[in-house]
Amino acid sequence: MRLSLFLSRTWLLSRPWPLGLLLALASVTASTLAGLAVQAHFNVYTLANLYLLAVLVSALLAGISGGLMTAFCAFLAYNYFFIPPTFTLFIANPDDFFALFMFLLTALVTGGLAGKVREQYHLAELHSEWMQSLVALTGQLAAASSQSDIVAVISRELAARWAVGHHIVTLTPEGECCVRAWPEGEVLPEPLDRADGDAALIEAFVRDGKAGPQRLTLLLRPLHGSVVLVVVDRASDFATGSEARRLLDAILGQAMIAFERAALVQDNEAARAQTEKERLRASLLSSVSHDLRTPLASIIGSASTLRQFEATLEAQTKRELAETIEDEAVRLSRFIDHLLAVTRTEAGFVGEAEWFDLADILHPTVERARRYFDRHTIVLTMQPDLPLLRGFPALVEQGVFNIIENAAKYSPPASTIKVALRRDGAWLVVGVSDQGEGIAVGDQARIFDKFVRLKPDERQMGAGLGLTITRNIAQLMQGAVSVESPLEHTQSGGRGSCFSLRFPIHADAVEPSVS
Amino acid sequence: MTRKSLILVVDDERQIQRFLSPSLKMEGYEVALASNAAEALESVAREHPALVVLDLGLPDRDGKSVIAELRNKHTIPIIVLSARDDEAEKIAALDLGANDFIVKPFAIGEFLARLRAALRQHHGADPARRRFRFGDLLLDVEHYQLKRQEVEISLTPKEFELLHLLARHAGRVLTHGFILNAIWGPAHMSDTQYLRVFIGQLRQKIELVPSEPRLILTQPGVGYRLVEIMPDEACPL
């Protein structure tokens, strides 16, 4: 609605001829008829005012050209119908000649001035509307966080404002080229060689007929070596100095700012990611070297002792050495499993999601945990008739096992670990609560991070990867893991933690009770 | 003729051969070694081992193709050695006809137990078998009945078929795809959601504590396994 109004108005501004001429003829005819009707009662010079009125009206409606055309028509009509000898264009009386000349001058000045006022008014209105839409556009651009979002906003704006066909090509410093076109929609990037530079890009466009004299091609160069090429159809509508061109420039100016902001945000994020990566790499290196070397040292030491002193060692010692080798190798194996699992879950290397019954997974998991952590009592309770989940059962098994393992490590011997499965609205929740010493509130967010061990000095601790893996697995299935601690307060401080691993119930999940 | 006590170990890692070979010998088995697929196939053809332990990562060929080729001619039990976190590989090996898988690294005790189970199951296998005992249950195919200590448990036809399938392959891990194909046909190979529901129902009927199943065991991400069938004569009616 607003668009069509706006279009008709610009159309009037840019093509005043037909309307101006029409208005001139109509208003002059009306004034003539009125003049003829009241001729008997008024002085012929007074009737000139009727024509001045027509000039004023036309100028206000159709602008300067309309006013001037009406002034000229009025001059002819006045002369023809009213200045004696009437019905001729001759002027008999020199007084009349002077009056007519003055009339023409007045009409022209009036028409010009009124038209000017009218055009100023419309321009002011137009500019105010531009300001408003630019403000709205700035808002949209501020919300766009990536280069492609910004391009989409600009494309929508061009389409909505002028319904003008266009291509917006972005070329990143890495050579990624992306073309967005309207009205064709997203088109595939052209095979372009970044090394050829922007000139080649423009050339390719000209060659394809996508740019050329009938189209307007504008090149933006925001920071960081990106290039944005905007090719707009109907170049004639956007001639240099035209109002449309000024608005287009203003829009692209805003886009330019948005592109630079996006680039800076991206830089900032990249820098942060880099710092994080380096920190991780450092801790990975120290953790890997420690966690791989310690068991290996025991294994090599024990094995070489066995071989060297085979004949003299007592049977008991031999058995102990063999046990050390086995235990340490198991520890090593588990550490490697963890490292692989972290890599796999972080890279999203997890195969295809499938339907599975969480209750069905929990049982073997708890069984396995009971075998590993036989000093603790592990109690499993499950709400019956729960819906199936969609995801990665083998990973979930590992995720749950890791929480139980964590609980077992941080609990005093012979304590009870409770594993409970329940439904909580649209979620299935596995809760694992222990009787350990609890986790300080300040540490609770940290424990899911890679290589975080709250007590790295203790011998039994692993690599600090177990909970990270659980968190990754939860996230892969749009779930989450959280911890609540302490569960109770005793004289010596808090006691107990409860980890909750929650997974969303898929909309298509079959409810066992229904089937 | 199959040599009852001969085990063929196919693994290109000398270290694995080095500890498997003496352990198996101590247990009274004879051991044949092969370090690639070609040797393995040749050894099976020449020496007729009772069981094959097969590592999937062989230097000359994919271990899975060895399973396929062996299955063309032999019913010999195959135990696959696989990596811990590769469910797809395990499923593929089982679907090709492997009897069981053991995750590397493993302790020798677990390995020997699985090996004995596979041999027992193979020798006890009788395609015409009509009665299966497991836990305190008796599945009588002849009379289309499932009984727990003389009390009949009623099953739907699909549940019966599912239990019969598990019983025929008792002790073996059956993949989801295998069960779905066998019971519901190839068009339903991916309806695992369906299968879970049926297994759940079956457990409700046959397990003493359905939430802690002891008969139909879950192998997360791979499939199901019914506990070993007892020989018929061990539990007279």
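Residues numbered from 1 in each chain as written. Chains lettered and ligands numbered in written order. Predicted model: local features only at pLDDT ≥ 70, side-chain atom pairs only at ≥ 80, totals over all residues. Heavy atoms only, no water.

K.L.:
I tried to follow the packing of helix α7 (residues 176-184) of chain B against helix α8 (residues 192-206) of chain B on my own but got confused; where do I start?
P.N.:
Angle between the axes and distance between the axes are the two parameters that describe a pair of packed helices. All names here are of chain B. Two elements in contact, α7 and α8, have axes whose closest approach is 10 Å; the angle formed by their N-to-C orientations is 85 degrees. In terms of their interaxial angle, α7 and α8 are classed as roughly perpendicular. The segment α7 lies against α8, with His176, Ile179, Leu180 and Trp184 engaging Thr192, Tyr194, Leu195, Arg196 and Phe198. Residue composition of the contact of α7 with α8, by class: six nonpolar, two polar and one charged. (Axes fitted to C-alpha atoms, helices over the stretch in contact; angles between N-to-C directions. Helix = DSSP H or I, 4+ residues; strand = E, 2+ residues; numbered from the N terminus. Parallel < 35°, antiparallel > 145°, perpendicular 65-115°, else oblique. Contact = heavy atoms within 4.5 Å. Nonpolar A, V, L, I, M, F, W, Y, C, P; charged D, E, K, R; others polar.)

K.L.:
Sorry, what's going on with the interface of chain B and chain A here?
P.N.:
Reports of interface size often rely on the accessible area that becomes lost once the parts have come together. Every contact between the two is made by 20 residues of chain B and, on the other side, 26 residues of chain A. A combined buried area of about 1900 Å² lies between chain B and chain A, and 49% of that area is made up of carbon and sulfur atoms. Ionic pairing is found between Asp360(A) and Arg203(B), a salt bridge with its closest N-O pair at 2.5 Å. If you look at where chain B meets chain A, you find six residue pairs in polar contact (both at pLDDT 80 or more). Counting residues per element, the side of chain B that touches chain A draws most heavily on α8(B), which supplies six residues. Of the residues that constitute the side of chain B that touches chain A, the class distribution is six nonpolar, seven polar and seven charged. (Buried area = accessible area lost by both parts, 1.4 Å probe. Salt bridge = Lys/Arg side-chain N within 4 Å of Asp/Glu carboxyl O. Polar contact = N/O pair within 3.5 Å; in protein donor to acceptor, adjacent residues only side chain to side chain.)

K.L.:
Mind showing me how you'd approach the packing of aromatic side chains here?
P.N.:
Two aromatic rings, taken as a pair, are described by how far apart their centres are and by the angle between their planes. All names here are of chain A. A complete count under the given rule lists 21 aromatic pairs over all chains for this structure. With 5.1 Å between their ring centres and 85 degrees between their planes, Tyr80 and Phe81 make a pair best called edge-to-face. Here the aromatic rings of Phe448 and Phe499 are separated by 6.1 Å at their centres, their planes lie at 80 degrees, and the arrangement is edge-to-face. Taken together, the residues Phe448 in the loop between α11 (441-444) and α12 (466-476) and Phe499 in strand β14 (residues 498-504) connect sequence positions 51 residues apart. Assigned by exposure class, Phe448 and Phe499 land together as buried. Taken together through their ring pairs, the aromatic side chains of Tyr51, Tyr78, Tyr80, Phe81, Phe82, Phe87 and Phe103 make up a single cluster. (Phe/Tyr/Trp six-rings, centres within 6.5 Å; stacked < 30°, edge-to-face > 60°. Buried < 20%, exposed > 50% of the residue type's maximum accessible area, 1.4 Å probe, protein only.)

K.L.:
Before we go on, may I ask you to explain the environment of Leu8(B) in this structure?
P.N.:
All names here are of chain B. Relative to the helices and strands, Leu8 is located in strand β1 (residues 6-10). Given a relative accessible area of 0%, Leu8 falls into the buried group. Expressed as a C-alpha distance, the spacing of Leu8 and Ile78, which sit 70 residues apart in the sequence, is 9.6 Å. If we skip the residues at most four places from it in the chain, Leu8 touches Ala32, Leu33, Ala34, Ala40, Ser43, Val44, Pro49, Leu51, Val52 and Val53.

K.L.:
It is not clear to me how the sheet that holds strand β11 (residues 216-219) of chain B should be interpreted in this structure. Could you clarify?
P.N.:
Sheet strands pair by backbone hydrogen bonding; their relative direction is either parallel or antiparallel. All names here are of chain B. Strand order across the open sheet formed by three strands is β10-β12-β11, with antiparallel pairing between neighbours. Two strands bound the open sheet, and with one partner strand each, they are β10 (173-175) and β11. Each strand of the sheet is rotated relative to its neighbour by a mean of 30 degrees, with strand direction disregarded. Summarising the sheet, β10 and strand β12 (residues 223-226) pair through three bridges and their orientation is antiparallel. Its bridge partner being in β12, Val173 is matched across the sheet by Arg225. Sitting on the sheet, helix α6 (residues 157-168) touches β10, β11 and β12, and the angle it makes with β12 is about 75 degrees. Against the sheet, α7 touches β10 and β12, its axis set at about 70 degrees to β10. (Pairing = 2+ DSSP bridges.)

K.L.:
Please explain helix α9 (residues 358-372) of chain A as it appears in this structure.
P.N.:
Owing to its 3.6 residues per turn, the α-helix aligns residues three or four sequence positions apart on the same side. Residue and element names in this part refer to chain A. For α9, which comprises 15 residues, the first-to-last C-alpha distance of 21 Å matches the rise-based estimate of 21 Å (1.5 Å per residue) to within 8%. Among all positions in α9, only Leu358, Asp360, Ile361, Leu362, His363, Pro364, Thr365, Val366, Arg368 and Ala369 are buried. Its side-chain oxygen placed 3.1 Å from the backbone nitrogen of Ala359, Asp357 serves as the N-cap of α9. (Expected span 1.5 Å × (residues − 1).)

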